[in-house]
Amino acid sequence: MKMPSTRTRIIAGAAVLAAVGVTAVGAVAVAAPDASRSGAATAAQAQIQNVVTTDHLTVAAAAKAAQAALSAAEKADQHVSVSVVDRNGNTIVTLRGDGAGPQSYKAAEEKAFTSVSWNAPTSALVKRLEQAPTLKDIPGTLFLAGGAPVQAKGAPIAGVGVAGAPSGDLDEQFAQAGVAALNG
């Protein structure tokens, strides 16, 4: 069996540490493994197996989506705010268009959060309130049309929310333009 080089083991070890949230500074010398250290190798492998990898938008991609949504609204002579959040609901970018109302900023973030949380456009989620009206009580959510999920491999990775147009249908149309910019 060919043993990996010391450099390979250092890079692999750094990847394991990074995966579990440990940051190391400086060089680390790693000796060739022997039979007495096989337990350590097994523990490192277990750490890798217990790590979940998810897809995320880059800041550049989030900005592209937000700008596309804002541009679509501006072409329709609408004054809106646009927000893009990651899979965990953290805001990546928010753009407040010229003349957008003060409530639109927070509403755009909440629509984006709601769409990524349920992996559905917020217009579809509004209909779910008829069967489960307490959904609206979940903090940070807003069940009004204007949010659209961004998917990768069928799973939600981000949400685009738009608020400020006179109707949720328009807000959602602009949010979908943001999603489409990522797919095209």
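The coordinates are above.
The rules behind these values
Residues numbered from 1 in each chain as written. Predicted model: local features only at pLDDT ≥ 70, side-chain atom pairs only at ≥ 80, totals over all residues. Heavy atoms only, no water. Helix = DSSP H or I, 4+ residues; strand = E, 2+ residues; numbered from the N terminus. Buried < 20%, exposed > 50% of the residue type's maximum accessible area, 1.4 Å probe, protein only. Contact = heavy atoms within 4.5 Å. Expected span 1.5 Å × (residues − 1). Salt bridge = Lys/Arg side-chain N within 4 Å of Asp/Glu carboxyl O. Polar contact = N/O pair within 3.5 Å; in protein donor to acceptor, adjacent residues only side chain to side chain.

Asks: Explanation requested: the environment of Leu170 in the structure shown.
Replies: With respect to the helices, strands and loops of the structure, Leu170 is situated in helix H6 (residues 168-183). Residue classification places Leu170 among the partly exposed residues on the basis of a relative accessible area of 25%. Separated by 24 residues in the primary sequence, Leu170 and Gly146 have C-alpha atoms spaced 7.4 Å apart. Beyond its immediate chain neighbours, meaning those up to four positions away, Leu170 contacts Gln78 and Ala165.

Asks: Mind showing me how you'd approach helix H4 (residues 104-118) here?
Replies: Since there are 3.6 residues in each turn of an α-helix, residues three or four apart along the chain are aligned in direction. Between the first and last C-alpha of H4 there are 21 Å, a value that for 15 residues agrees with the 21 Å anticipated at 1.5 Å per step. Along H4, the residues that are buried comprise Ser104, Ala107, Ala108, Glu109, Glu110, Lys111, Ala112, Thr114, Ser115 and Val116.

Asks: Can you walk me through the pattern of salt bridges in this structure?
Replies: Oppositely charged side chains can form a pair if their charged atoms are brought close together. One pass over the full model with this rule turns up three salt bridges. Lys153 is paired through a salt bridge with Asp55; the nearest N and O atoms lie 3.3 Å apart. Of this pair, Lys153 sits in the loop between strand E3 (147-152) and strand E4 (155-163) while Asp55 sits in the loop between helix H2 (38-49) and helix H3 (59-75), and the two are 98 residues apart along the sequence. Across the pair Asp171 and Lys111 runs a salt bridge whose closest N-O atoms are separated by 2.9 Å. Pair noted here: Asp171 is in helix H6 and Lys111 is in helix H4, with a separation of 60 residues, a long-range link. In this pair, the class of Asp171 matches that of Lys111, namely buried.

Asks: It is not clear to me how H3 should be interpreted in this structure. Could you clarify?
Replies: Here H3 contains 17 residues, and its C-alpha end-to-end distance of 24 Å stays within 8% of the 24 Å for a straight helix at 1.5 Å per residue. If you check which residues of H3 are buried, you get Ala61, Ala62, Ala65, Ala66, Ala69, Leu70 and Ala73. Tucked inside the fold, the buried residues of H3 contact strand E1 (81-86), strand E2 (91-96), E4 and H6. A positive backbone phi angle near 60° is found at Asp77, which sits one or two residues after H3.

Asks: Help me understand the side chain of Ser115, please; the structure alone is not making it clear to me.
Replies: Within the fold, Ser115 resides in helix H4. Note on Ser115: relative accessible area 0%, which makes it buried. There is a polar contact of 2.9 Å between the side chain of Ser115 and the backbone oxygen of Ala112. In this structure, Ser115 is in contact with Ala120, Thr122, Gly147, Ala148, Pro149, Gly159 and Val160, ignoring residues within four places of it in sequence.

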